[in-house]
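Here is what each chain is made of, one letter per residue.
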Amino acid sequence: MRINFRTAFTAFTIGVKNAFSAWKMWLLLYVFNLLFAFTVVAPIAQYMEKKIGGSLLVEELAEGFNYTVMHDFLYNYEVSIFAFVELALVVGGLYLLLSVFAAGGMLSVFTNPDRKNYLQKFWSGGARFFWRMLRVTVYFLLIHAAVLAFFGGVFWLFSPAEVTSELQLINLAKIILPFYVVAALTVALWQDFTKLFVVRRDEKLLFKSFRAATGFVFKNYFPVLLFYLLNLALLGVFYLVYRFGSLTFTGMNAVFFFGQIFIIGRVGVKIWIAAGSVEAVDGFTVDG
């Protein structure tokens, strides 16, 4: 049996090409992310200004996470960590809904051979498939939770009864963590291809799409994984640019500028995966 790995590179390159051809959608999603971020950051900024004013702690926090600085910040300025946790939950939920809508819209664009008026297809597809995309997302969040619980249980099971050093737990985590990362990555790519099959088949019931996606992913697991890793590597490049820029240039303006580069790249990778996965489904073959 021979698995066609070359198609993974083809799907990746065509995905990038098709994503750039849909640059208006890319710009639209970036603006969505930017407006969403400003909507969230504005009240936080007002709260912080009220609490700490022009303290140098703001500049120190902008340079990166530092436990000592964060502890001083929370202690000296009586900032409630619970308020931030509640806000994070609300923001996370709203962003999840935005991502669900965007997934249906992007896949509707790239599964349609006619790319004219693709922004209109994005809006209509996002609305048409919203509830189905949301159901897929909820199901796979449960799968992710089960995977995390399984590896957490394995970690607890093999943890020594008496811990004499943190190094024992760290060494155990180093053994288990790579297996968890592979499992979580598998669930993530399984989820993305399930969404694609839901849009391609356009069926109200998700079982057949779920079964078709499962068969496709695990029959072609290694080339699919390679395709996914190529996209994640590209995201890693954007992250390295962000880290290099934010560490090389100090100040809030530099953090904001390089942060936008990373957001543009992150949005782009989502579009590349959506566009490339369509090519992948059409192109992956198993000969034998």
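Above this text is the structure in question.
Conventions we followed
Just so you know, the residues in each chain are numbered from 1, in the order the chain's sequence is written. Local features in this predicted model are restricted to residues of pLDDT 70 or higher, and side-chain atom pairs are both shown and tallied only at a pLDDT of 80 or more, whereas totals for entire chains, interfaces and linings draw on every residue. Hydrogens and waters are ignored; side-chain quantities use all the structure's heavy atoms. Elements are defined by DSSP. Helices are runs of H or I of four residues or more, strands are runs of E of two residues or more, and each kind is numbered from the N terminus. Residue burial is assigned from relative accessible area. The probe radius is 1.4 Å, only protein chains are included, and a residue is buried under 20% of its type maximum, exposed over 50%, and partly exposed in between. In what follows, residue pairs with any heavy atoms lying within 4.5 Å of each other are defined as contacts. Accessible surface area values rest on a Shrake-Rupley calculation with a 1.4 Å probe, where residue burial reflects the displayed protein chains alone. Excluding any residue in a salt bridge, patches collect residues exceeding 30% relative accessible area, merging like charges within 9 Å and nonpolar Val, Leu, Ile, Met, Phe, Trp and Tyr side chains within 5 Å. A pairing counts as a salt bridge when a side-chain nitrogen of Lys or Arg comes within 4 Å of a carboxyl oxygen of Asp or Glu. What qualifies as a polar contact is a pair of N or O atoms within 3.5 Å, subject to a donor-acceptor requirement within protein and to the restriction that residues adjacent in sequence count only when both atoms come from side chains. Joining through side-chain atoms within 4.5 Å is the link that ties buried Ala, Val, Leu, Ile, Met, Phe, Trp, Tyr and Cys residues into a set, and such a set is a nonpolar core. Our arc is simply the arc of the directions from the helix axis toward the C-beta atoms. To get an axis, fit a line to the C-alpha atoms, keeping to the stretch in contact for a helix; angles then go from 0 to 180 degrees between the N-to-C directions. Note on angle classes: values under 35 degrees are labelled roughly parallel, values over 145 roughly antiparallel, values of 65 to 115 roughly perpendicular, and the remainder oblique. What makes a crossing left-handed is the near helix being turned counterclockwise from the far one by less than a right angle; a clockwise turn instead makes it right-handed. Think of it as three bins: nonpolar holds Ala, Val, Leu, Ile, Met, Phe, Trp, Tyr, Cys and Pro, charged holds Asp, Glu, Lys and Arg, and polar takes everything else, Gly as well. Think of it this way: a Phe, Tyr or Trp ring, Trp meaning its six-membered ring, pairs with another when their centres are within 6.5 Å, and the plane angle makes it stacked under 30 degrees, edge-to-face over 60, tilted otherwise. Either the NZ atom of lysine or the CZ atom of arginine qualifies as a charge over a ring when it sits within 6 Å of the ring centre and within 35 degrees of the ring normal.

Caption draft 1: Seen up close, the overall build of the protein chain. Tallying secondary structure elements over the protein chain gives eleven helices and two strands in all. Along its sequence from the N terminus, the protein chain presents helices and strands in the succession β-α-α-α-α-α-α-α-α-α-α-α-β. Counting every position in the protein chain, which comprises 288 residues, the buried fraction comes to 38%. Taking contacts inside the protein chain between residues at least 6 apart in sequence as the whole, the part at least 24 apart equals 76%. With an accessible surface of roughly 17000 Å², the protein chain has 70% of that area assigned to carbon and sulfur atoms.

Caption draft 2: Examining a nonpolar patch on the surface more closely. Taken together, the side chains of W23, L27, V31 and L35 make up a nonpolar region of the molecular surface, amounting to roughly 390 Å² of accessible area. Positionally, V31 belongs in helix α2 (residues 23–52).

Caption draft 3: Just the pattern of salt bridges, in detail. Evaluated as defined, the whole model comprises three salt bridges. Here R128 ties to D202 by a salt bridge, and the two come within 2.7 Å at their closest N and O atoms. Remark: D202 occurs in the loop between α8 (166–201) and α9 (207–219) and R128 occurs in helix α6 (residues 118–128); sequence separation between them is 74 residues. By relative accessible area, D202 is classed as partly exposed at 32%. With a shortest N-O distance of 3.3 Å, E203 and R201 are connected by a salt bridge. R201 gets classed as partly exposed once you look at its relative accessible area, which sits at 37%.

Caption draft 4: Summary view of the side chain of T186. Relative to the elements of secondary structure, T186 occurs in helix α8. Under the relative-accessibility criterion, T186 is labelled buried at 10%. Polar contacts involving the side chain of T186 include one to the main-chain carbonyl oxygen of V182, which spans 2.8 Å. Every residue in contact with T186, bar those within four places of it in the chain, is listed here: F218 and Y221.

Caption draft 5: View of the nonpolar core. Of all hydrophobic cores here, the largest spans 64 residues; its most connected members are M25, L29, F110, F122, F193 and I271. Examining the composition of this core, we find that twelve residues originate from one element, helix α11 (residues 252–283), more than from any other.

Caption draft 6: Quick look at the environment of L28. Along the chain, L28 falls in helix α2. In this structure L28 comes out as buried when scored by relative accessible area, which is 19%. Distance in space between the C-alpha atoms of L28 and V267 is 10.0 Å, their sequence separation being 239 residues. Those residues in contact with L28 that sit more than four places away from it in its chain are L119, F122 and W123.

Caption draft 7: Spotlight on α6. Residues Y118, K121, F122, G125 and G126 constitute the buried set of α6. Here the buried residues of α6 occupy an arc of 125 degrees about the axis, which is enough to place them on one side.

Caption draft 8: Quick peek at the packing of helix α1 (residues 6–21) against helix α10 (residues 221–248). Taken N-terminus to C-terminus, the directions of α1 and α10 make an angle of 40 degrees; their axes are 8 Å apart at the nearest point. Between α1 and α10, the angle falls in the class oblique. Once α1 is placed against α10, the crossing between them reads as right-handed. Between α1, through A8, F9, A11 and F12, and α10, the contact on the second element is made entirely by P223, L226, F227, L230, N231 and L234. Considered class by class, the residues forming the contact of α1 with α10 number nine nonpolar, one polar and no charged.

Caption draft 9: Geometry of the packing of aromatic side chains. Counting across every chain of the model gives 25 aromatic pairs. When the ring of W190 is compared with that of F210, the centres are 5.4 Å apart and the planes differ by 35 degrees; the resulting orientation is tilted. A residue pair is termed long-range when its members are at least 10 positions apart, and W190 in helix α8 and F210 in helix α9 qualify at 20 residues. Judged by centre distance (6.3 Å) and plane angle (65 degrees), the ring pair of F193 and F227 falls under edge-to-face. Placement of the pair is F193 in helix α8 and F227 in helix α10, with a sequence separation of 34 residues. For F227, a relative accessible area of 0% translates into the label buried. A connected cluster of aromatic rings, assembled from ring pairs, spans F140, W190, F210, F218, Y221 and F222. Over the aromatic face of F129 sits the side chain of R128, whose NZ or CZ is 5.7 Å from the ring centroid.

Note that all results are geometric; they support no functional claim without further evidence.
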